[in-house]
Amino acid sequence: SRAQEFIRTRLEKQAVRAFQMEASQRWLTLRQSQQQRSAALNAKHKDMETRHRTQQQALLTRQVRAASEIENKRREREAKGLAAFFGKVTGISSLIRKKHEKQDKTRNTKDIEAMQTLKRRQQRELHDLKQQARALTSVEKREARSLRTKIKREQFRGILREPVQEREQAQLTP
């Protein structure tokens, strides 16, 4: 009787330890899968930030290069000598300068609009990524809650199963 009680408590302790080990293994597996998903999302976020900076820098570089090419072409076509003198006297150079200023203003406006369009698109991408992060967080919480419930359910079933097994053993032994 004492020996049976000792064996039963020892087996119960082993069963509890085995259950705890299995539960901790499940938690570990869950956390690893969640970390992999969040690491992939973080990597995607870093890649996106790098790509956004690169796109903005490339757009700015193209705009500056285009402006400098236009200025160089204007300088090459600029009147020199006697033609420059007649251009100043007649006011043609003043008209040309006004025309260039207007073209520059239009080009600058288009450049600003292009940058704003790019930034709006990048903001939408960032918003989508943040939405994915929120969704991932809620999925992770749901998975953790589900695992916790499952472990408690199995633990409860184990507790209920023990008295049934004891009754069955009492009926079998005279």
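Relevant structure appears above.
Position numbers for residues count from 1 along each chain, tracking the sequence in the order it is written. Per-residue local features of the predicted model are confined to residues with pLDDT of at least 70, and side-chain atom pairs are confined, for both listing and counting, to 80 or more; whole-chain, interface and lining totals are unaffected and use all residues. Note: side-chain values were computed over all heavy atoms of the structure, leaving out hydrogens and water.

(A) Here's a closer look at the environment of Gln132. Numbering of helices and strands starts at the N terminus; helices are DSSP runs of H or I of at least 4 residues and strands are runs of E of at least 2. Along the chain, Gln132 falls in helix α3 (residues 92-172). Gln132 gets classed as partly exposed once you look at its relative accessible area, which sits at 36%. With 109 residues separating them in the primary sequence, Gln132 and Ala23 have C-alpha atoms 29 Å apart. Those residues within four positions of Gln132 in sequence are excluded, and the remaining contacts are Leu41 and Lys44. Only 3.3 Å separates the side chain of Gln132 from the side chain of Lys44, close enough to count as a polar contact. Relative accessibility under 20% of the residue-type maximum defines a buried residue, over 50% an exposed one, and the middle range a partly exposed one, all with a 1.4 Å probe and only protein chains included. Every residue pair with non-hydrogen atoms within 4.5 Å of one another is taken to be in contact. Polar contact criterion, stated in full: a pair of N or O atoms within 3.5 Å, where within protein one must be able to donate a hydrogen and the other to accept it, and residues adjacent in sequence count only if both atoms are side-chain atoms.

(B) Structural context of the nonpolar core. We call a set of buried Ala, Val, Leu, Ile, Met, Phe, Trp, Tyr and Cys residues a nonpolar core when their side-chain atoms join them within 4.5 Å. Counting six residues, the largest nonpolar core consists of Phe19, Ala23, Leu30, Ala144, Leu147 and Ile151. Of all the secondary structure elements, the ones that give two or more residues to this core are α1 (2-77) and α3. Setting aside anything within four residues of it in sequence, one finds Ala144 in contact with Trp27, Leu30 and Gln34.

(C) Seen up close, the pattern of salt bridges. Salt bridges are counted wherever a side-chain nitrogen of Lys or Arg sits within 4 Å of a carboxyl oxygen of Asp or Glu. Throughout the structure, instances matching the rule amount to nine salt bridges. A salt bridge links Arg26 to Glu22, with the nearest nitrogen and oxygen atoms 2.8 Å apart. Here Arg26 pairs with Glu22, and both are found in helix α1, just four residues apart, close to one helical turn. Given a relative accessible area of 40%, Glu22 falls into the partly exposed group. Because the salt bridges share partners, they merge into one network encompassing Glu71, Arg74, Asp104 and Arg107.

(D) The environment of Ile70, seen in detail. Relative to the helices and strands, Ile70 is located in helix α1. Overall, Ile70 belongs to the partly exposed group, its relative accessible area being 29%. A C-alpha to C-alpha distance of 80 Å links Ile70 and Val16, two positions 54 residues apart in sequence.

(E) A look at the layout of surface pockets. The computed volume of the second largest pocket comes to approximately 470 Å³. Using only the protein atoms, space was sampled on a 1 Å grid; points where a 1.4 Å probe fits but cannot get out form cavities, open sets with protein on both sides within 12 Å along at least five of seven lines form pockets, and lining residues are those with an atom within 4 Å of a point. What lines the second largest pocket is a set of 15 residues, among which Glu78, Ala79, Ser93, Ile96 and His100 lie closest to the centre. Put simply, the parts of the chain that give the lining of the second largest pocket at least two residues each are α1, α2 (82-90) and α3. It is α3 that provides the largest number of residues to the lining of the second largest pocket, a total of five residues. Under the convention adopted here, Pro, Cys and the residues Ala, Val, Leu, Ile, Met, Phe, Trp and Tyr are nonpolar, Asp, Glu, Lys and Arg are charged, and Gly plus all remaining residues are polar. Class assignment for the residues of the lining of the second largest pocket results in five nonpolar, three polar and seven charged. Grid points are joined across faces, edges and corners, and a volume is the space filled by probe spheres set on the points.

(F) Here's a closer look at the side chain of Gln63. Tracing the backbone shows Gln63 in helix α1. If we ignore the near neighbours within four places in the chain, the residues touching Gln63 are Asp111 and Ala114.

(G) Structural detail: the packing of aromatic side chains. Think of it this way: a Phe, Tyr or Trp ring, Trp meaning its six-membered ring, pairs with another when their centres are within 6.5 Å, and the plane angle makes it stacked under 30 degrees, edge-to-face over 60, tilted otherwise. Under the defined criterion, the tally for this structure stands at one aromatic pair. Where Phe85 meets Phe86, the ring centres are 5.8 Å apart and the plane angle is 55°; that geometry is what we call tilted. The partly exposed category is assigned to Phe85, whose relative accessible area is 48%. Phe86 sits in the partly exposed class, given a relative accessible area of 44%.

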